[in-house]
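Okay, here's what each chain looks like letter by letter:
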Amino acid sequence: MKNIVFVASECVPFIKTGGLADVVGALPKMLDKNEFDVRVIIPNYTCIPWEYRSKFEYVHHFYMDLGSRFHDVHVGIMKYELDGIIYYLIDNEFYFNGPTPYGDIRFDIEKFCFFSKAALAILPVINFHPDIIHCHDWQAGLVPVYLRTLYQYNEFFYGTRTIMTIHNLKFQGIWDIKTFRYITGLPDEVFTPAKMEYKKDANMLKGGIVYADYVTTVSDTYAGEIQMPYYGEGLDGLMRQYNNKLCGIVNGIDYEIFDPATDKQIYKNYTIKTLEGKKENKKKLQEELGMPVDENKFMIGIISRLTDQKGLDLVNWVMGSIIDEFTQFVVIGTGDEQYENMFRHYEWTKKGQVSANIYYNDNRAHKLYAAADAMLMPSRFEPCGLTQLISLRYGTIPIVRETGGLKDTVVPYNEFEGTGTGFSFHNYNADEMLKLINYAKKVYFETRPAWDAMAIRGMETDFSWENSAKKYQDLYYKLT
Ligand code: GLC
């Protein structure tokens, strides 16, 4: 039996701002229970819904040293069991209160320095010796750093190996070295260019990458891309340097939550055999959104954080040409104000053709997965992407840019061979995207049987967690 500890800043169903939470919520459950005892450590944010918080059980508390900023900082340990997985929630109201998990970056940096150290410090207290500590994104970046420095002679961690998984290289946790010294108590050797130092500042993710025994990212293509300047976010050199301990493992999705045959949130369940059930979902959603009810409209969806990463400037450039009398466009998501307002603007100017749902609503997202004909993801970069995987599962054809996980999971349509599961374009270019959308429309309106066959091929592909979980298991064995 191997002991595995996940350390992350978010996890479904407790707290979610992005795909990271889905992965941390799903993967532990998919690991073989006879071989792995998995525990998950996340912060006990006061913004976790009360329905969960009220059930967390108090385990213990103690006081921890944290650099010269604090000598006795409170670390509470709460515990909760769900679907056979034990979650530990690190409690500290100074750091983890507020309406959202993240806010002011300076404070977030300190928050997650505390979190990373506390995640290690609670393990002897709960007496759980980890064979592997699996750290996710920059918020857990200091775990390997603390382990190999301040904790290196602590016998409790004898034999412990660490994995750093990068879900998004864009976010690294960078601040000046002086502050880091003050708030972490890490020794000077850490703040050198070969370790955490980055352009005169300190970089938490870099620390995680350097000190971890292994580094993974969430698709093969992204693992290659981040070794190149365009996608490397300033760390491409580092990624090349460490590429002998780097690999990509593509994410899966939870096939129980996302199943059009049983999904209780959609209007009508359907399968490969009853694909026309999608039409009913479309009509009901059109009604709900106040759009003209017509099953023959081509419905394009976007379900996404509305940020630069997601390629929304391309959409802005050609929106006027995407929308025509045969097309409807439905957006669900929140993010940068500029994109939120852009979609509000189009909803206003293209009444009945564009629906801008500028909030995240899980129920409406499920309904849109079921209703839409196509899902648009023109990302500038995409480490993995989950929306296209869910779309495939719901027979909704992804239209994507060939980058990262999108490239690895969507097979481009070939009209001559009758193969492929979606549409993809290569260059980050609005005209190229528009041409592809027009091609998709042509296939949809002129050769519907070919369209439906493609939807079915998508539904038949397997992006459940099973395969990916096996790869993580192999890695855990390889390292221990
Ligand atoms: C980040 C990435 C996304 C990935 C997710 C889960 O949100 O942007 O591509 O799917 O993490 O790994």
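Quick note: structure is the one above.
Residues numbered from 1 in each chain as written. Predicted model: local features only at pLDDT ≥ 70, side-chain atom pairs only at ≥ 80, totals over all residues. Heavy atoms only, no water.

A. Looking closely at the packing of helix H1 (residues 19-30) against helix H19 (residues 465-479). Packing of H1 against H19 leaves a shortest axis separation of 9 Å and a crossing angle of 75°. Comparing their axes, H19 and H1 come out roughly perpendicular. Here H1 contributes Val 23, Ala 26, Leu 27 and Met 30 to the contact with H19, which in turn contributes Trp 465, Glu 466, Ala 469, Tyr 472 and Gln 473. The class makeup of the residues in the contact of H1 with H19 is seven nonpolar, one polar and one charged. (Axes fitted to C-alpha atoms, helices over the stretch in contact; angles between N-to-C directions. Helix = DSSP H or I, 4+ residues; strand = E, 2+ residues; numbered from the N terminus. Parallel < 35°, antiparallel > 145°, perpendicular 65-115°, else oblique. Contact = heavy atoms within 4.5 Å. Nonpolar A, V, L, I, M, F, W, Y, C, P; charged D, E, K, R; others polar.)

B. Inspection of the site of the ligand at higher detail. Near the ligand you find 14 residues, and of these His 167, Asn 251, Glu 382, Cys 384 and Gly 385 are the closest. Contact between the ligand and Cys 384: an oxygen atom at 2.9 Å from a main-chain N or O atom of the residue. Within the backbone of Gly 385, one N or O atom sits 2.7 Å away from an oxygen atom of the ligand. A total of 310 Å² of accessible area belongs to the ligand in isolation, and the protein chains cover 94% of it. Residues that form the shell around the ligand fall into these classes: six nonpolar, six polar and two charged. (Near = heavy atom within 4 Å. Polar contact = N/O pair within 3.5 Å; in protein donor to acceptor, adjacent residues only side chain to side chain. Areas by Shrake-Rupley, 256 points an atom, 1.4 Å probe, with all protein chains shown as cover.)

C. Quick look at helix H14 (residues 362-371). Within H14, eight of the 10 residues are buried, which leaves it mostly tucked inside the rest of the structure. Among the residues making up H14, those that are buried are Arg 364, Ala 365, His 366, Lys 367, Leu 368, Tyr 369, Ala 370 and Ala 371. Elements in contact with the buried residues of H14: helix H11 (277-289), strand S13 (298-303), strand S14 (327-332), strand S15 (354-357), strand S16 (374-377) and helix H15 (387-393). The backbone nitrogen of Asn 363 has a side-chain oxygen 2.9 Å away, supplied by the residue at the start of H14, namely Asn 361. (Buried < 20%, exposed > 50% of the residue type's maximum accessible area, 1.4 Å probe, protein only.)

D. Region of interest: the nonpolar core. Among the nonpolar cores identified, the biggest contains 101 residues, and Ile 90, Phe 114, Met 196 and Ile 209 are the most heavily contacted of them. The element contributing the most residues to this core is helix H4 (residues 105-126), with 12 residues. Apart from residues no more than four positions distant in its own chain, Met 196 is found in contact with Leu 142, Val 145, Phe 180, Leu 186, Val 190, Phe 191, Asp 201, Ala 202, Asn 203, Met 204, Lys 206 and Gly 207. If you look at the next biggest cluster of nonpolar residues, it comprises 65 residues, including Ile 300, Met 319, Ile 399 and Ala 430. (Core = buried A, V, L, I, M, F, W, Y, C linked by side-chain atoms within 4.5 Å.)

E. Broad picture of the pairing of S14. With respect to burial, S14 is a largely interior element, six of its six residues being buried. Because side chains alternate across S14, one face comprises the buried residues Thr 327, Phe 329 and Val 331, and the other comprises Gln 328, Val 330 and Ile 332, equally buried. In terms of strand pairing, S13 meets S14 through six bridges, oriented parallel. Paired with Phe 298 across the strands is Thr 327, a residue of S14. Between S13 and its parallel partner S14, the chain crosses via helix H12 (residues 312-322), and the hand of that crossover is right-handed. Note: S14 against S15, four bridges, orientation parallel. (Pairing = 2+ DSSP bridges. Right-handed = clockwise from strand over helix to strand, strands pointing away.)

F. Expanded view of the sheet that holds strand S1 (residues 2-7). Spatial ordering of the open sheet is given by S3-S4-S5-S2-S1-S6-S7-S11-S12, a layout of nine strands whose pairing is mixed. With one partner strand each, in any of the chains shown, strand S3 (57-66) and strand S12 (246-248) form the two edges of the open sheet. Neighbour-to-neighbour, the strand axes of the sheet open up by a mean angle of 25°, direction not taken into account. Two strands pair when backbone bridges link them, and S1 and strand S6 (residues 132-136) are joined in this way by four bridges, in the parallel orientation. Within the sheet, the bridge partner assigned to Ile 4 lies in S6 and is Ile 132. Contacting S1, strand S2 (36-43), S3, strand S4 (70-82), strand S5 (85-91) and S6, H4 runs over the sheet at an angle of about 120° to S3.

G. Summary view of the pairing of S3. The sheet contact formed by S3 and S4 spans eight bridges and is antiparallel. Residue Glu 57 lies in a different strand from S4, and its bridge partner there is Lys 79. Turn length for the S3-S4 hairpin, with the two strands adjacent in sequence and antiparallel, is three residues, and the turn residue Gly 67 shows positive phi of about 60°.

H. Highlighting the layout of surface pockets. Estimates place the volume of the second largest pocket at around 220 Å³. Elements represented by at least two residues in the lining of the second largest pocket include exactly H11 and helix H18 (448-460). By residue number, the principal contributor to the lining of the second largest pocket is H18, which donates four residues. (1 Å grid on protein atoms, 1.4 Å probe; cavity = no way out; pocket = protein on both sides within 12 Å on 5 of 7 lines; lining within 4 Å. Points joined across faces, edges and corners; volume = space filled by probe spheres on them.)

I. Highlighting the sheet that holds strand S8 (residues 174-176). Pairing within the open sheet is antiparallel, and its three strands lie in the order S8-S10-S9. Lying at the two open borders of the sheet, with one neighbouring strand each, are S8 and strand S9 (197-198). Where S9 lies against strand S10 (residues 201-203), two bridges are found, and the strand directions are antiparallel. Bridge assignment links Glu 197 to a residue of S10, and that residue is Ala 202. Contacts from helix H7 (residues 204-211) reach S9 and S10, with the element oriented near 55° to S10.

J. Up close: the side chain of Asp 108. Mapping Asp 108 onto the fold places it in helix H4. The exposure class assigned to Asp 108 is buried, which follows from its relative accessible area of 3%.

K. Region of interest: the packing of H4 against helix H6 (residues 177-184). Close contact between H4 and H6 brings their axes to 10 Å; oriented N to C, the two are set at 40°. Between H4 and H6, the crossing angle belongs to the class labelled oblique. Along this stretch, H4 crosses H6, giving a crossing that reads as right-handed. Residues Arg 106, Ile 109, Glu 110 and Cys 113 of H4 lie in contact with H6, whose contacting residues are Thr 179, Phe 180, Ile 183 and Thr 184. When the residues that make up the contact of H4 with H6 are grouped by side-chain class, the tally is four nonpolar, two polar and two charged. (Left-handed = near helix turned anticlockwise from the far one by under 90°.)

L. Region of the structure containing the environment of Met 78. Mapped onto the fold, Met 78 is located in strand S4. Those residues in contact with Met 78, other than ones at most four positions away along the chain, are Asn 44, Phe 56, Glu 57, Tyr 58, Val 59, Tyr 87, Tyr 88, Leu 89 and Asp 91.

M. Geometry of the packing of aromatic side chains. Tallied over the full model, the rule gives 34 aromatic pairs. Taking 6.4 Å as the distance between ring centres and 85° as the angle between the ring planes, the aromatic pair formed by Phe 96 and Phe 115 counts as edge-to-face. A residue pair is termed long-range when its members are at least 10 positions apart, and Phe 96 in helix H3 (residues 93-96) and Phe 115 in helix H4 qualify at 19 residues. Of the residues examined, Phe 96 reaches a relative accessible area of 1% and is grouped as buried. Sitting over the face of the ring of Tyr 444, Arg 448 holds its NZ or CZ atom 3.8 Å from the ring centroid. (Phe/Tyr/Trp six-rings, centres within 6.5 Å; stacked < 30°, edge-to-face > 60°. Lys NZ or Arg CZ within 6 Å of the ring centre and 35° of its normal.)

None of this, on its own, says anything about what the molecule does.
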